[in-house]
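Geometric and topological summary
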Amino acid sequence: MYFVDIIDYIGTFAFAISGIRLASAKKVDWFGAYIVGLTTAIGGGTIRDLLLGITPFWMQQPSYLIVTAIALVCVILFSKHLVRLNNTFFIFDAVGLGLFVVVGIEKSLQQEFPFWVAIMMGMITGSAGGIMRDILIREIPLIFRKDIYAMACVIGGIVFILCRQTGVSPVLTQIVAASTVILTRVISVKYHLSLPSLKGNEDDESVNI
Amino acid sequence: MYFVDIIDYIGTFAFAISGIRLASAKKVDWFGAYIVGLTTAIGGGTIRDLLLGITPFWMQQPSYLIVTAIALVCVILFSKHLVRLNNTFFIFDAVGLGLFVVVGIEKSLQQEFPFWVAIMMGMITGSAGGIMRDILIREIPLIFRKDIYAMACVIGGIVFILCRQTGVSPVLTQIVAASTVILTRVISVKYHLSLPSLKGNEDDESVNI
Amino acid sequence: MYFVDIIDYIGTFAFAISGIRLASAKKVDWFGAYIVGLTTAIGGGTIRDLLLGITPFWMQQPSYLIVTAIALVCVILFSKHLVRLNNTFFIFDAVGLGLFVVVGIEKSLQQEFPFWVAIMMGMITGSAGGIMRDILIREIPLIFRKDIYAMACVIGGIVFILCRQTGVSPVLTQIVAASTVILTRVISVKYHLSLPSLKGNEDDESVNI
């Protein structure tokens, strides 16, 4: 097992935990919680692979289903104690996000898509799972409202492409891009940074022709 | 027309009726109800076919669109009398579910995916349409909260794979697996069986780094 | 740049504006608004392309991402003045819808799908983006409740197929079909036409076996 696989499993675990815990606030049963956790963990990569026209990654090895099952067991057994581990999970989530973004970009470039598609795919890999989670539990997607999340994926993606086009080695490019995502997340949460929000009115769109 | 086609249409009809009736509680117009009914009936198989990388089944013959249109006409004409038929629809739904699971598994094995992908695809075929229906009408997906549904698909899937690997004939395997799904549904509803639910708190995920 | 490209960009712009403005009523940040706008603009065509088994159109040229970014800047800068332009946006939206329907039908026929698949794809191209927008901002999809929208796509699609099968020239077929969609929209909004709605009861589906 390579180092990158370990990070992949840690990221999957953190994403699954986040889905299962948010689902548990909605009186969802164990199996429902598993599905929400799984969707959070593999949803982004699945959408990416469908858009790229390749077989979804989790259909090639069962480890993602297993890691999510372990996450479910952990939440069932230790739910009360997990609150104290929130900072740990946040770090896991940020590290997983950094890796997911890099994997999404690499896969897109391998399929010979242009750089701006790769940046979009990095963002989709990192954030579509969380959006699907929030749709399933009937919330306005969190990443549209709270601190910098999808934007962190895009910033990491831009750094990746800049490194690559200035001749930085592939491995260093991946490390720098993933670190950018992680740092952007940590800084935005630590200092409560967020993007400005739009103000509007639900009745704005009335038409009178 | 083969026996299995008849069951397929009965299942499609029952799924469409369920979508149209749940939509009708939300003041949706006829066409909206048709779309919700259609999504309920063909949504699961469509997701399965996209994941498997094949052309969605309903794009190859118009019968699914027609069966859903018949379901809409029935709800419009007989809505008040349908309540008395709830048990009949429940049986139709369970029989359709059993068939959908078996079809999903067969299709995945034909594409040479491993058994655990086939079980997932059986579950997706059976339950993703209902999840999409609930998202469209803005409910927390019912199958996450009420009796055993997606779990019945998985149990049927496991029985299918066990039969197959112990040399049971293909036809008998299909019958046993579909019956397992149907029986699991009937028993879980009759005896109000459900999986334990997770208890959580919406504020659990606060981070303080 | 051809005339049809200009209409395509106008339609994309109008769809993006509609997504961004509806998102802004939900206290979404700029980046979230961009994603909702983008989903509204390209969501329908993306679902169509996935169902047809081809690479999503917006992954082949960056113009759709750019047009959506321009729409976001317009809403940020001029949001208060946009209300006065509602009728203009309504016309843009209707014209875009007409074009999207025609593009969806053409693409499906090029892939040699039968006419009824093409009509469905026209409808999906025109309306799935709006459905996804409403799911993201947690509303019952507007097109299920208010005036004639998805139905306008279907009527345009039927007109397209009728023209084609009676030997009308390709260009005239496209113009007549798109105009049908546009006119149906304008008339239904101007005269407050809508389809009848279904009345139902949430408890209807109780089962007692």
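Keep in mind it's a predicted model, so treat the numbers as computed, not measured.

**With respect to the side chain of A:Asp93**
Residues and elements named next belong to chain A. Summarising the element assignment, aspartate 93 is placed in helix H4 (residues 86–110). One buried charged residue, aspartate 93, remains without a salt bridge, the closest side chain of opposite sign being arginine 185 at 4.9 Å. Here tyrosine 149 takes part through its side chain, which lies 3.2 Å from a polar atom of the side chain of aspartate 93. With sequence-adjacent residues up to four places away left out, aspartate 93 is seen in contact with Ala14, Phe15 and Tyr149.

**Structural notes on the pattern of salt bridges**
Evaluation of the coordinates by the stated rule reveals nine salt bridges over all chains. Residue A:Asp49 is joined to A:Arg48 by a salt bridge in which the shortest nitrogen-to-oxygen separation is 2.9 Å. The two residues A:Asp49 and A:Arg48 agree in class, both being buried. C:Lys107 serves as the salt-bridge partner of C:Asp49, at 3.2 Å between the closest nitrogen and oxygen. Placement of C:Asp49 in helix H2 (residues 30–52) and of C:Lys107 in helix H4 (residues 86–110) is noted, with a sequence separation of 58 residues between them. Overlapping salt bridges bring together A:Arg48, A:Asp49 and A:Lys107 as one network.

**Some thoughts on the packing of H2(C) against helix H3 (residues 63–82) of chain C**
Residues and elements named next belong to chain C. One can describe the packing of H2 onto H3 by two numbers: an axis separation of 9 Å at closest approach and a directional angle of 130 degrees. As judged from the angle between their axes, H2 and H3 are oblique. Classified by chirality, the crossing of H3 by H2 is right-handed. Here H2 contributes Trp30, Ala33, Tyr34, Gly37, Leu38, Ala41 and Ile42 to the contact with H3, which in turn contributes Tyr64, Leu65, Thr68, Ala69, Leu72 and Ile76. For the contact of H2 with H3, the class distribution of residues is eleven nonpolar, two polar and no charged.

**Structural notes on the interface of chain C and chain A**
Of the residues lining the interface, 42 residues belong to chain C; the matching set on chain A comes to 37 residues. The contact between chain C and chain A buries some 3400 Å² in all, and 71% of this surface belongs to carbon and sulfur atoms. There are zero salt bridges connecting chain C and chain A. Here chain C is connected to chain A by two residue pairs in polar contact (both at pLDDT 80 or more). A total of nine residues in the side of chain C that touches chain A trace back to one element, the largest contributor, which is H2(C). Across the side of chain C that touches chain A, the residue classes break down as 26 nonpolar, nine polar and seven charged.

**Section: the relation of the copies chain A and chain B**
Note on the identical chains: chain A maps onto chain B by a rotation of 120 degrees and an axial translation of 0.0 Å, with an RMSD of 0.0 Å. Overall, the copies show the geometry of a three-fold rotation axis. Looking at chain A, a mere 10% of its interface residues are interface residues in chain B too, so the copies touch through different faces.

**What about the interface of chain A and chain B?**
Every contact between the two is made by 42 residues of chain A and, on the other side, 37 residues of chain B. Buried area between chain A and chain B, both sides added, is near 3400 Å², and the carbon and sulfur share of it is 71%. Its largest share of buried area at the contact with chain B, chain A owes to A:Asp29, A:Phe31 and A:Met59, together 19% of the area lost on that side. In this structure, the connection of chain A to chain B is made through zero salt bridges. One can count two residue pairs in polar contact (both at pLDDT 80 or more) joining chain A with chain B. Listed by contribution, the elements that provide at least two residues to the side of chain A that touches chain B are helix H1 (3–24), helix H2 (30–52), helix H3 (63–82), H4, helix H5 (115–136) and helix H7 (170–190) of chain A.

**Focus on unusual backbone geometry**
Residue and element names in this part refer to chain A. In this structure, histidine 192 is a non-glycine residue whose phi angle is positive, near 50 degrees. Mapped onto the fold, histidine 192 is located in the segment after H7. Looking at histidine 192, the relative accessible area reads 68%, which means it is exposed.

**Points about the packing of aromatic side chains**
Under the definition given, this model contains 15 aromatic pairs over all chains. An angle of 50 degrees between the planes, with centres 4.8 Å apart, marks the rings of B:Phe15 and B:Phe100 as tilted. In this pair, B:Phe15 is assigned in helix H1 (residues 3–24) and B:Phe100 in helix H4 (residues 86–110), connecting sequence segments 85 residues apart. Note on accessibility: B:Phe15 and B:Phe100 belong to one class, buried. A centroid spacing of 4.9 Å and a plane angle of 85 degrees characterise the contact between B:Phe57 and B:Tyr64, whose relative ring orientation is edge-to-face. An identical accessibility class is assigned to B:Phe57 and B:Tyr64; each is buried. By way of ring pairs, the aromatic residues A:Tyr9, A:Phe57 and A:Tyr64 are connected into one cluster.

**Details of the nonpolar core**
Core analysis: the biggest nonpolar cluster contains 197 residues, and A:Trp58, B:Trp58 and C:Trp58 have the highest contact counts within it. Beyond its immediate stretch of four places on either side in the chain, C:Trp58 contacts A:Leu51, A:Trp116, A:Met120, A:Met121, C:Ile42, C:Thr46, C:Tyr64 and C:Leu65.

**Describing the confidence of the model for chain A**
On average, residues of chain A score 89 in pLDDT, and 94% of them reach the 70 mark or higher. Two summary scores accompany this predicted model of the complex, namely pTM at 0.92 and ipTM at 0.89.

**What to know about the packing of H2(C) against helix H5 (residues 115–136) of chain C**
Geometry of a packed helix pair, given as the angle between the helix axes and the separation of the axes. All names here are of chain C. Where H2 meets H5, the axes come as close as 7 Å, and the angle between the chain directions of the two elements is 135 degrees. In terms of their interaxial angle, H2 and H5 are classed as oblique. You can see that H2 and H5 cross each other, and the crossing is right-handed. Contacts between H2 and H5 involve Val36, Thr39, Thr40, Gly43, Gly44, Gly45, Ile47, Arg48, Leu51 and Leu52 on the former and, on the latter, Met121, Ile124, Thr125, Ala128, Gly129, Gly130, Met132, Arg133 and Leu136.

Conventions adopted
Residues numbered from 1 in each chain as written. Chains lettered and ligands numbered in written order. Predicted model: local features only at pLDDT ≥ 70, side-chain atom pairs only at ≥ 80, totals over all residues. Heavy atoms only, no water. Helix = DSSP H or I, 4+ residues; strand = E, 2+ residues; numbered from the N terminus. Buried < 20%, exposed > 50% of the residue type's maximum accessible area, 1.4 Å probe, protein only. Lys, Arg positive; Asp, Glu negative; His and termini not counted. Salt bridge = Lys/Arg side-chain N within 4 Å of Asp/Glu carboxyl O. Polar contact = N/O pair within 3.5 Å; in protein donor to acceptor, adjacent residues only side chain to side chain. Contact = heavy atoms within 4.5 Å. Axes fitted to C-alpha atoms, helices over the stretch in contact; angles between N-to-C directions. Parallel < 35°, antiparallel > 145°, perpendicular 65-115°, else oblique. Left-handed = near helix turned anticlockwise from the far one by under 90°. Nonpolar A, V, L, I, M, F, W, Y, C, P; charged D, E, K, R; others polar. Buried area = accessible area lost by both parts, 1.4 Å probe. Least-squares fit on C-alpha atoms with pLDDT ≥ 70 in both. Phe/Tyr/Trp six-rings, centres within 6.5 Å; stacked < 30°, edge-to-face > 60°. Core = buried A, V, L, I, M, F, W, Y, C linked by side-chain atoms within 4.5 Å. pLDDT = per-residue confidence, 0-100.

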